[in-house]
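Structural description and commentary
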Amino acid sequence: MKMVVETSRPIAQVAKELGVHEATLGNWVNAYRREHSDDEPALTVSERARLRELEREARELRMENEFLKKAAAYFAKDHR
């Protein structure tokens with residue numbers, strides 16, 4: 001679990017290396033994070049600001065992606 005939590009490596013990659021199912025390792029990691037949530041230091045002001053910015057950017061990218069999917073479907077239908 002610490003291989004995922006401390007290094008931020010993907011669960012799928014670590015599970016494959018350890019020879020365990022990805023969902024099993026995911027459950028273990030989630031349980032570890034719940035049990036140790038108080039151990040994590042609070043975010044700094046700049047980290048919170050960066051997190052808000054990344055969340056905003058993710059929302060915008062999701063909206064743009066949905067728009068592009070709809071546009072692609074429209075033009076694919078139009079050319080048939």
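Residues numbered from 1 in each chain as written. Predicted model: local features only at pLDDT ≥ 70, side-chain atom pairs only at ≥ 80, totals over all residues. Heavy atoms only, no water.

1. Quick notes on the UniProt feature "coiled-coil region" (unreviewed entry) in the chain
- This chain's UniProt record puts "coiled-coil region" (unreviewed entry) on residues 44–71.
- Here residues 44–71 runs as 96% helix and 0% strand, with 40 Å between its end C-alpha atoms. (UniProt positions renumbered as here; feature names shortened; annotations may be inferred. Helix = DSSP H or I, 4+ residues; strand = E, 2+ residues; numbered from the N terminus.)

2. Examining the packing of aromatic side chains
- Within this structure, the stated rule accounts for one aromatic pair.
- Ring geometry for Tyr74 and Phe75: centres 5.2 Å apart, planes at 75 degrees, overall edge-to-face.
- Residue classification places Phe75 among the partly exposed positions, given a relative accessible area of 46%. (Phe/Tyr/Trp six-rings, centres within 6.5 Å; stacked < 30°, edge-to-face > 60°. Buried < 20%, exposed > 50% of the residue type's maximum accessible area, 1.4 Å probe, protein only.)

3. With respect to the environment of Glu22
- By the element assignment, Glu22 lies in helix 3 (residues 22–35).
- In this structure the C-alpha to C-alpha distance between Glu22 and Glu47, which are 25 residues apart in sequence, comes to 30 Å.
- Not counting residues within four places of it along the chain, the set of residues in contact with Glu22 comprises Ile11, Ala12 and Ala15. (Contact = heavy atoms within 4.5 Å.)

4. Overview of the packing of helix 2 (residues 11–18) against helix 3
- Relative to each other, helix 2 and helix 3 sit at 115 degrees, their axes nearing to 9 Å. Looking at the two axes, helix 2 sits roughly perpendicular to helix 3. Seen along the crossing, helix 2 lies across helix 3 with a hand that is right-handed. Between helix 2 and helix 3, the contacting residues are Ile11, Ala12, Val14 and Ala15 on the first element and Glu22, Leu25, Gly26 and Val29 on the second. (Axes fitted to C-alpha atoms, helices over the stretch in contact; angles between N-to-C directions. Parallel < 35°, antiparallel > 145°, perpendicular 65-115°, else oblique. Left-handed = near helix turned anticlockwise from the far one by under 90°.)

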